[in-house]
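Residues per chain, in single letters:
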Amino acid sequence: MNLQTVIGLGPQALVLGLDVGGTTIKAEISDAAGAVLAAGDVATPRGPAAFDAMLTLGDALLDKLAESERARVERAAVLLPGVVDTANSIAVFSANVGWRDIEVGSRFTERWGMPVLIEHDVAAAGWAEWRFGAGGDRGTVCVVIIGTGISGTLSVGGRFVRGGIGQAGEYGHIAVRPDGLPCPCGNTGCVETVASAAAIARAYTRRTGIECDSAAMVFERLANADDDARDGGTRAYDEHARAVVDDAVDALADGLLGVIHAACPERIVLGGGLAGAGEALAQPLRDALAARLRVVPAPEVVLGAFGARAGLTGAALFARYGVLA
């Protein structure tokens, strides 16, 4: 499909995109070439107060523009986490932010005086990666967004697949460790209790007693240890970083097996903050999938083109084209 034929905006239009995460709300105003005219972020408040923060952040960015530029902002898109009923504009549930059954309604449109689209954050991010990013020319692609949680999208035969009320794939809540850790969703041993960025940081702290506030620290220690080993040394705690990453990759591979057998994706795209680990994440996942698959071919595993900006990129593109297709 030629996306220029979809109900889109003209080349002179600007768009406002908001990506609401479990810890941070990020927003940008951009033009058709992707150039950012205004940007900002705020911490995500718990519960319904998050919506007030979204409105205030959008106000602040719009106020940064000159009057002539403000008049060119023709549409906005707000991406929400958790379960989102886009048809009825309801934020159904988010465990990470702590809201349930919030009627979004027309609050954004009335405040900003323009059409505002509501969408699931990972749905838009995964669509952007498939259609404009690392999906390339592949028709059947699974995009896995790994950050505070784990979710993803699936495109089959050149069509973007939506399930139920339009939800993205909740790959992070596939239970793979029956004797594992409790998950905020109420289940036990979900993929994201082991393989999310937050879970990796917590696991490293449990194993070592060293306070770890990010998965990036674990991968950095792993890289330093690997470099040190090549030079003939032995880096302290390297075995712990390796064990934590191995556990995360194994859980992620186990969770993806059902998706791979069901849809036979040609390519798996890794996006979100954890994709910043690069080949230190991608290569072990390739190996883990190859070791597990017997009936269907192992898909390519590649890093997302947009990285941690997949949500903001998806928000801008969704606002511009008006549909995920």
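Everything below is about the structure printed above this text.
Small disclaimer: the values here were computed from a predicted structure and weren't measured. (Residues numbered from 1 in each chain as written. Predicted model: local features only at pLDDT ≥ 70, side-chain atom pairs only at ≥ 80, totals over all residues. Heavy atoms only, no water.)

Draft legend 1. The nonpolar core, seen in detail. In terms of nonpolar packing, the biggest core is built from 46 residues, with Val-144, Ile-268, Leu-270 and Leu-285 touching the most fellow members. Within the residue set of this core, elements represented by two or more residues are strand E9 (141-146), strand E10 (150-156), helix H5 (192-195), helix H6 (197-208), helix H7 (215-230), helix H8 (238-263), strand E12 (267-271) and helix H9 (279-292). With 13 residues, the single largest contributor to this core is H8. Every residue in contact with Val-144, bar those within four places of it in the chain, is listed here: Ile-150, Ser-151, Gly-152, Tyr-171, Leu-252, Leu-256, Ile-268, Val-269, Leu-270 and Gly-271. (Core = buried A, V, L, I, M, F, W, Y, C linked by side-chain atoms within 4.5 Å. Buried < 20%, exposed > 50% of the residue type's maximum accessible area, 1.4 Å probe, protein only. Helix = DSSP H or I, 4+ residues; strand = E, 2+ residues; numbered from the N terminus. Contact = heavy atoms within 4.5 Å.)

Draft legend 2. Spotlight on unusual backbone geometry. The phi torsion at Ser-89 lies on the positive side, around 55°, for a residue other than glycine. Its identity as a non-glycine residue notwithstanding, Cys-264 has a phi of 50°, on the positive side. A residue is classified by how much of its surface remains accessible, and Cys-264, at 38% relative accessible area, is partly exposed.

Draft legend 3. Broad picture of the pairing of strand E4 (residues 73-80). With seven of eight residues buried, E4 is to be regarded as a mostly interior element. Pairing of strand E1 (residues 14-20) with E4 involves six bridges; the strand directions are parallel. Across the sheet, the residue bridging to Asp-19 is Leu-79, located in E4. Summarising the sheet, E4 and strand E8 (residues 116-120) pair through five bridges and their orientation is parallel. Of the residues in E8, the one forming a bridge with Ala-76 is Val-116. (Pairing = 2+ DSSP bridges.)

Draft legend 4. The arrangement of the pattern of salt bridges in detail. For the coordinates displayed, the defined rule picks out eleven salt bridges. Arg-162 is the partner of Glu-119 in a salt bridge, and the nearest nitrogen-oxygen pair spans 2.8 Å. Highlighted residues: Glu-119 in strand E8 and Arg-162 in the loop between strand E11 (159-161) and H5, separated in sequence by 43 residues. The buried category is assigned to Glu-119, whose relative accessible area is 5%. Taking the shortest distance from any N to any O, the salt bridge between Arg-242 and Asp-246 comes out at 3.6 Å. Of this pair, Arg-242 and Asp-246 both sit in helix H8, four residues apart, which is roughly one turn of that helix. (Salt bridge = Lys/Arg side-chain N within 4 Å of Asp/Glu carboxyl O.)

Draft legend 5. Representation of the environment of Arg-267 in the model. Tracing the chain through its elements places Arg-267 in strand E12. Separated by 34 residues in the primary sequence, Arg-267 and Val-301 have C-alpha atoms spaced 5.9 Å apart. Not counting residues up to four positions away in its chain, the partners in contact with Arg-267 are Ala-134, Gly-135, Gly-136, Arg-138, Thr-140, Val-141, Cys-142, Pro-299, Glu-300 and Val-302. From its side chain, Arg-267 meets the backbone oxygen of Ala-134 in a polar contact 2.8 Å long. (Polar contact = N/O pair within 3.5 Å; in protein donor to acceptor, adjacent residues only side chain to side chain.)

Draft legend 6. Main features of helix H1 (residues 49-64). Taking 1.5 Å per residue as the helical rise, H1 with its 16 residues ought to reach 22 Å, and the 23 Å between its terminal C-alpha atoms agrees with that figure. Turning to H1, its buried residues are Ala-50, Phe-51, Ala-53, Met-54, Leu-55, Leu-57, Gly-58, Asp-59, Leu-61 and Leu-62. (Expected span 1.5 Å × (residues − 1).)

Draft legend 7. View of the packing of H6 against H8. It is at 10 Å that the axes of H6 and H8 come closest, and there the two elements cross at 140°. The orientation of H6 with respect to H8, classified from their angle, is oblique. For the pair H6 and H8, the crossing hand works out as right-handed. Along its contact with H6, which presents Ile-200, Ala-203, Tyr-204, Arg-207 and Thr-208, the element H8 presents His-240, Ala-241, Ala-243, Val-244 and Ala-248. Of the residues assigned to the contact of H6 with H8, the class counts are seven nonpolar, two polar and one charged. (Axes fitted to C-alpha atoms, helices over the stretch in contact; angles between N-to-C directions. Parallel < 35°, antiparallel > 145°, perpendicular 65-115°, else oblique. Left-handed = near helix turned anticlockwise from the far one by under 90°. Nonpolar A, V, L, I, M, F, W, Y, C, P; charged D, E, K, R; others polar.)

Draft legend 8. Main features of the sheet that holds strand E3 (residues 36-43). Across the sheet, five strands lie side by side as E3-E2-E1-E4-E8; this open sheet has mixed pairing. Since the sheet does not close on itself, it has two edges, and those belong to E3 and E8, each with one partner. Pairs of neighbouring strands in the sheet enclose a mean axial angle of 15°, with direction left out of account. Relative to E3, strand E2 (residues 24-30) runs antiparallel, the two being bridged by seven bridges. Note on E3: the bridge partner recorded for Ala-27 is Gly-40. Across the sheet, helix H4 (residues 121-132) lies against E1, E4 and E8, angled at about 90° from E8, the strand it touches most. Against the sheet, helix H10 (residues 310-321) contacts E1, E2, E4 and E8, and its axis sits at roughly 135° relative to E4.

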